[in-house]
Amino acid sequence: MAYFLYCVYRSRGKKMIKLSSNAYETKSNQSINSTHHNPFSVSFKKSLSPELKKLNSDIFQSQTTSNIVNNTSFLNKISNVSAKIKNKVNNISFNGAKTTMKKMSENTRTGFKGIISKISSMFKSEKAVAVNNVEVLKNSQSVFELKQMLISKIA
Amino acid sequence: MYKVEEIIQALGEHEDNAAVAVLEEVGTNASDEYIRKITAEALVKRNSHDSLKVLLINSGKGIHDLNVDVSSHVINSLKSSSDKSEMIKILEDTISLHSDESVKNKAREVKELLLSAN
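Per chain, the residues get numbers from 1 upward, laid out in the order the sequence is written. Starting at A for chains and at 1 for ligands, labels are handed out in the order in which the entities are written. Owing to the predicted nature of the model, reporting of local features is limited to residues with pLDDT of at least 70; listing and counting of side-chain atom pairs is limited to 80 or more, with chain, interface and lining totals taken over all residues. Working from all heavy atoms in the structure, the side-chain values ignore hydrogens and water.

## Describing the pattern of salt bridges
Part 1: When a carboxyl oxygen of Asp or Glu lies within 4 Å of a side-chain nitrogen of Lys or Arg, that pair is called a salt bridge. Counted by the stated rule, this structure contains 9 salt bridges over all chains.
Part 2: The partner of E25 of chain B in a salt bridge is K147 of chain A, and the shortest N-O contact between them spans 3.1 Å. Of this pair, E25 of chain B sits in helix α2 (residues 18-27) while K147 of chain A sits in helix α6 (residues 143-154), each in a different chain.
Part 3: For K147 of chain A, a relative accessible area of 19% translates into the label buried.
Part 4: Across the pair E109 of chain B and K106 of chain B runs a salt bridge, and its minimum N-O distance is 3.5 Å. Each helix is a run of H or I in the DSSP string that is no shorter than four residues. Each strand is a run of E no shorter than two, and both are numbered from the N terminus. The classification of residues rests on relative accessible area computed with a 1.4 Å probe and restricted to protein chains. Under 20% of the type maximum is buried, over 50% is exposed, and intermediate values are partly exposed.

If you want it as C-alpha cells, here you go:
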C-alpha cells in the first residue's frame, strides 16, 4: 500500500528529507469502501518496510541535498520502490481495491516526483548560497588563512 | 562553516597570486581525487600563466595525473575554457623544452585536443 509522505526540515544547517509512512494509509482507509477488503495492506507494508527503512537511513546520512540530487543510486532506489508499488497494484484482483490502489500508486509516483523537484530547488538555493560564500571568503580571508582552512578540511 | 569547494574556489579567484602556490601544494597533492579535480577546475578558471603551468608541465599533476579519471577531468576543463591562448603557449614550450619525454608526449596530445576543440 502506498503510504509515503515527505516533509523537509532543517537541522543545524543541514537540510534533510524525511520520509515517513502516514497520510496515504489514512487516505486509503477513507477511499476504500468498507465492503472492499484490501488484502495487501499488512503483507505489502511488511514486505516494503525494510526498503523504506533503508531509504530513510540513506536520506538521513546524506548530509546535503547535493549528495541526494547527485546520487544516482539513491534516486534509482526511489524509482525501484515506486515500481514495486506499481507492480503490486497491477496484481490486485479486487476491482474496487485495484482502482484505489492505482490512484494511490499514481499519487505515490507524483509524490516521489515532488520529492525530487523539491530537492532540486533546494539544491539550487544552496548553490546561490555557495556563490555568496566564495565572495565572502576571497574578499575577507588572506591566502594563508584559506590555506589553513583547506588543510583542516582535507586532513 | 565553509565547504571545501568554496574554499578552493575562493583560492582560485583570490587576488593574491600566492593562492596558486597553495592550490598546487595542498590541492593537487591531495590523496582524494575529487579534491584534485576541483583544484584543477579552479586553476583552469584562473587561467593565468602560473595556474596553468601547474596542470600542464608537472609530472603526476593535472593532465599528467596518474589517475586517468583526474587527468581526463582536467583535460575536459581545459577544453571547455573560452580562452585557450595561454595554455597552448605553455604546451608548445613544454613540447620543445621539457626534459621528460612522457610529459612532452602528453603535452602534444593535449595541444591537439585543444586545437580541435576550438
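## Digging into the nonpolar core
All names here are of chain B.
Part 1: The set of buried Ala, Val, Leu, Ile, Met, Phe, Trp, Tyr and Cys residues whose side-chain atoms join them within 4.5 Å is what this entry labels a nonpolar core. In terms of nonpolar packing, the biggest core is built from 39 residues, with I8, L11, L56, I63 and L78 touching the most fellow members.
Part 2: If one sorts the elements of this core by residue count, helix α3 (residues 33-46) sits on top with 6 residues.
Part 3: Setting aside its immediate chain neighbours within four residues, L56 contacts I63, H64, L78, M87, I90, L91, T94 and V103. Here a residue-residue contact requires only that any non-hydrogen atoms of the pair lie within 4.5 Å.

## What to know about the interface of chain B and chain A
Part 1: On the side of chain A, 18 residues touch chain B, which itself brings 20 residues to the contact.
Part 2: On the chain B side of the contact with chain A, Y2, E6 and I7 of chain B bury the most area, a combined 32% of that side's loss.
Part 3: Counting across the interface, chain B meets chain A through 2 salt bridges.
Part 4: For the purposes of these results, a polar contact is taken to be a pair of N or O atoms within 3.5 Å, where, inside protein, one atom must be able to donate a hydrogen and its partner to accept one; residues adjacent in sequence count only when each atom of the pair is a side-chain atom. Taken together, the links from chain B to chain A amount to 6 residue pairs in polar contact (both at pLDDT 80 or more).
Part 5: In this classification, the charged set is Asp, Glu, Lys and Arg, the nonpolar set is Ala, Val, Leu, Ile, Met, Phe, Trp, Tyr, Cys and Pro, and all remaining amino acids, among them Gly, are polar. Here the residues of the side of chain B that touches chain A are counted per class, giving 13 nonpolar, 2 polar and 5 charged. Here's the idea: put two parts together, see how much 1.4 Å probe accessible area each one loses, and the total over both is what we call buried area.

## A few points about helix α7 (residues 101-117) of chain B
All names here are of chain B.
Part 1: One less than the residue count of a helix, multiplied by 1.5 Å, gives the span that helix is expected to have. Across its 17 residues, α7 extends 24 Å between first and last C-alpha, which sits within 8% of the 24 Å expected from 1.5 Å per residue.
Part 2: Taken together, the buried positions of α7 are occupied by V103, K104, A107, V110, K111 and L114. Seen from one end, α7 has its buried residues packed into an arc of 130°, which puts them on one side.
Part 3: Along its buried surface, α7 packs onto α4 (49-56), α5 (68-79) and α6 (85-97). To obtain the arc, one takes the directions from the helix axis to the C-beta atoms.

## Overview of the confidence of the model for chain B
Part 1: Values of pLDDT, which run from 0 to 100, indicate the predictor's confidence residue by residue. Of the residues in chain B, 99% reach a pLDDT of 70 or more, and the chain-wide mean stands at 93.
Part 2: For this predicted complex, the interface score ipTM comes out at 0.90, alongside a pTM of 0.57.

## Description of the packing of helix α1 (residues 4-13) of chain B against α3 of chain B
All names here are of chain B.
Part 1: Note on definitions: angles span 0 to 180 degrees between N-to-C directions of axes, and those axes are lines fitted to C-alpha atoms, for helices only across the stretch in contact. One can describe the packing of α1 onto α3 by two numbers: an axis separation of 8 Å at closest approach and a directional angle of 30°. Accordingly, the angle class assigned to the pair α1 and α3 is roughly parallel. Classified by chirality, the crossing of α3 by α1 is right-handed. In this structure, α1 uses V4, E5, I8, Q9, L11, G12 and E13 to contact α3, whose residues at the interface are Y34, I35, I38, T39, A42, K45 and R46.
Part 2: Class assignment of the residues belonging to the contact of α1 with α3 gives a composition of 7 nonpolar, 3 polar and 4 charged. For classification purposes, an angle smaller than 35 degrees is called roughly parallel, one larger than 145 roughly antiparallel, one from 65 to 115 roughly perpendicular, and anything else oblique. A clockwise turn of the near helix away from the far one marks a right-handed crossing, whereas an anticlockwise turn of less than a right angle marks a left-handed crossing.

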